[in-house]
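# Geometric and topological summary
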Amino acid sequence: MNVLEQFRHIRTFIFDVDGVLTDGTIQLLPGGEQSRKMNIRDGYALQLAVKMGYRIAVISGGRSESVVTRLNGLGITDIFTGVTDKSEKLEDYALEHDLLWEQMLFMGDDIPDHRAMQLCGIAACPADAAPEIKSISRYISPVAGGQGCVRDVIEKVLKLNGHWLLDEGVPSK
């Protein structure tokens with residue numbers, strides 16, 4: 001089965017934060033605060049996927065209240081930060097929600113994502129991912145982390161299922 005045929009069956013998206021939803025840059029602000037930059041088009045695709053009934057989870061080793069606030073604002077509630085073992089967290093999450101591995105896509109960019117990505121039906125990564133991650137990815141986005149790679153994979157799945165260009169919250173048949 002080619003990767004586009006597999007995209008049609010995706011019902012759950014799992015994303016890392018730094019290097020996927022962001023460009024991996026952390027700006028250090030006075031007082032020790034850290035700032036990240038997210039792509040607005042990724043945000044549009046994320047909220048549309050939620051409206052269309054797709055499950056979205058974010059699993060990150062980092063901790064950032066501003067990231068959680070942004071994702072909550074997009075309708076994402078399954079957000080796990082400060083995770084040291086992403087594959088263990090993903091296994092627990094899949095079991096808790098009775099998810100099928102072949103219907104899951106995990107997009108990661110670096111070594112902490114490696115084991116968790118291999119559990120899912122589609123392992124995907126941004127164009128600028130680490131070589132070790134590219135080597136296990138079924139799909140490598142032509143777009144870099146924080147520049148729209150999340151939109152790239154969500155848009156493919158939604159288009160293949162007739163859910164793109166709809167923003168009323170009701171999928172077309």
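What counts and how
Residues numbered from 1 in each chain as written. Predicted model: local features only at pLDDT ≥ 70, side-chain atom pairs only at ≥ 80, totals over all residues. Heavy atoms only, no water. Helix = DSSP H or I, 4+ residues; strand = E, 2+ residues; numbered from the N terminus. Expected span 1.5 Å × (residues − 1). Buried < 20%, exposed > 50% of the residue type's maximum accessible area, 1.4 Å probe, protein only. Contact = heavy atoms within 4.5 Å. UniProt positions renumbered as here; feature names shortened; annotations may be inferred. Pairing = 2+ DSSP bridges. pLDDT = per-residue confidence, 0-100.

### Focus on helix α8 (residues 149-160)
The end-to-end C-alpha distance of α8 is 17 Å, a good match for the 16 Å that 12 residues give at a rise of 1.5 Å each. All buried positions along α8 are accounted for by C149, V150, D152, V153, I154, E155, V157 and L158. Residue G162 follows α8 closely and has a positive phi angle near 70°.

### Details of the environment of Q147
In this structure, Q147 sits in the loop between β8 (139-140) and α8. Sequence separation between Q147 and N72 is 75 residues; the distance between their C-alpha atoms is 20 Å. For Q147, the residues in contact, after removing those within four places along its chain, are D23 and N39.

### As for the UniProt feature "binding site: Mg(2+)" (unreviewed entry) in the protein chain
Here the UniProt feature "binding site: Mg(2+)" (unreviewed entry) sits at D16 and D109. These annotated residues cover 94 residues of sequence, and their C-alpha atoms all fall within 7.6 Å of one another, placing them together at a single site. Apart from residues no more than four positions distant in its own chain, D16 is found in contact with L21, I59, S60, K86, M107, G108, D109 and D113. Relative to the assigned elements, D109 resides in the loop between β6 (104-107) and α6 (114-117). Setting aside chain neighbours within four positions, we find D109 in contact with D16, D18, G19, V20, P126, A129, A130 and I133.

### A short note on the pairing of strand β1 (residues 12-15)
Every second residue of β1 is oriented toward a common face, with T12 and I14 on one face and F13 and F15 on the other, all of them buried. Across 4 bridges, β1 lies against β6 in parallel orientation. Following the sheet pairing, T12 is matched in β6 by M104.

### Notes on the confidence of the model for the protein chain
Taken residue by residue, the protein chain gives an average pLDDT of 94. The fraction at 70 or more is 95%. Counted against residues more than four places away or in other chains, residues 169-173, with its pLDDT under 50, gives 9 contacts.

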